[in-house]
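Spelled out, the chains give:
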Amino acid sequence: MFSFAGLTYLSLVQIRDINHWPFAEICWYFVGSWEQFRINGYIDVIDESNSDPLKLQQREKAWFASSLNSRLQYLGPDPGLPSITEDLPKDFSLDPSAGPVSPFCLLVLDPDKVDYLNLKTNMRASFESSTLNGVKTWSTERINP
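Here the structure is a predicted model, which is why all the values come from computation and not from measurement. (Residues numbered from 1 in each chain as written. Predicted model: local features only at pLDDT ≥ 70, side-chain atom pairs only at ≥ 80, totals over all residues. Heavy atoms only, no water.)

(A) Inspection of the pairing of strand 2 (residues 23–30) at higher detail. Sheet analysis places strand 2 next to strand 3 (residues 35–46), joined by eight bridges and oriented antiparallel. Across the sheet, the residue bridging to Cys 27 is Arg 38, located in strand 3. Here strand 2 folds back onto strand 3, and the loop between the two strands holds four residues, one of which, Trp 34, carries a positive phi near 60°. (Pairing = 2+ DSSP bridges. Helix = DSSP H or I, 4+ residues; strand = E, 2+ residues; numbered from the N terminus.)

So this is what it looks like as structure tokens:
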């Protein structure tokens, strides 16, 4: 099993959207190889209110895997809102051993479909998952580009 994880700010409008409709697509294009991957799946928002201890542990691990400067951004004002002052934000301090702060959340995308396209070879394939008795398996189908 594989998944994709991302870090974000809990107060963003997009988080409310994801909580309402927890499905997304990630698209990667590799310039050198001319390959494109479209990865669709379910997004899980893991914040401090999550009741699953394993997910909270995953959130904490992601917190400590990020740099201290990255963690400091979660102490400032909400991103994307107008600044109420012309002054630069004040320096914030954070104990490097302190756990995640409340605005910090982890997004985990669990893929259920991958659309692969190779523009050099004009080959396209679709990979779809299915779950039977708790076991996720993948099937592949070659499709027209």
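(B) Representation of the environment of Phe 37. Residue position: Phe 37 is located in strand 3. In the structure, Phe 37 is positioned 89 residues away from Ser 126 in sequence and 9.9 Å away in space, judged by C-alpha atoms. Leave out the neighbours within four places in its chain, and Phe 37 touches Ile 26, Cys 27, Trp 28, Phe 30, Val 114, Asp 115 and Tyr 116. (Contact = heavy atoms within 4.5 Å.)

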